Amino acid sequence: QVQLVESGGGRVQAGDSLRLSCAASGGTFRNYDMAWFRQAPGKERDFVAAIRRSGGHTYYSDSVKGRFTISRDNARTTIHLQMNNLRPEDTAVYYCAGGTPILSALRRSDMYTNWGQGTQVTVSS
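Our subject in this report is the structure included herewith.

**A look at the sheet that holds strand E8 (residues 78-83)**
Neighbouring strands of a sheet are bound in pairs by backbone hydrogen bonds; such pairs are parallel or else antiparallel.
Alright, step 1. If you trace the four strands from one edge of the open sheet to the other, you get E1-E3-E8-E7, paired in antiparallel fashion. The strands lining the two open edges of the sheet, one partner per strand, are strand E1 (3-7) and strand E7 (68-73). Strand after strand, the sheet turns through a mean of 15° between neighbouring axes, direction not considered.
Alright, step 2. As defined by bridge partners, E1 adjoins strand E3 (residues 18-25) across five bridges and the pair is classed as antiparallel. Across the sheet, Val-5 pairs through a bridge with Ala-23, a residue of E3.

Next comes the structure, spelled out in structure tokens:
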């Protein structure tokens, strides 16, 4: 098991940027694929982005592709989500997750066994 703590959320205007971070501790970070999910009020938790344990492959939801970038630093056991050109529909609680999903299930939240507490991102128009 690995403990995850997110940071970097906040309130911004449409078109602004934010960088989320997720610090991992207590486990073997490099053994986990890492992902970001988000959940808006009254909605399900949705996949945002994922990065394989080597850092060599990244995956994005269609709604954020081209605007968000996921990265990881295995030496610092940290992942980041750079979010550019934010939109009001990006407003949600963002969660960091770690797990060992098979590739075809990378976007499924139930494939991840470790979760952070979430960080709020609010984008106003």
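**A closer look at the pairing of E8**
Alright, step 1. Most of E8 is tucked away, with five of its six residues classed as buried.
Alright, step 2. Inspection of the sheet shows E3 paired to E8 by six bridges, in the antiparallel sense. Residue pairing across strands places Cys-22 opposite Ile-79, the latter belonging to E8.
Alright, step 3. With six bridges joining them, E7 and E8 adopt antiparallel strand pairing. Opposite Thr-69, over in E8, you have Gln-82 as the bridge partner.

Reading the values: rules and limits
Residues numbered from 1 in each chain as written. Predicted model: local features only at pLDDT ≥ 70, side-chain atom pairs only at ≥ 80, totals over all residues. Heavy atoms only, no water. Pairing = 2+ DSSP bridges. Helix = DSSP H or I, 4+ residues; strand = E, 2+ residues; numbered from the N terminus. Axes fitted to C-alpha atoms, helices over the stretch in contact; angles between N-to-C directions. Buried < 20%, exposed > 50% of the residue type's maximum accessible area, 1.4 Å probe, protein only.

In short, geometric facts, not functional conclusions.
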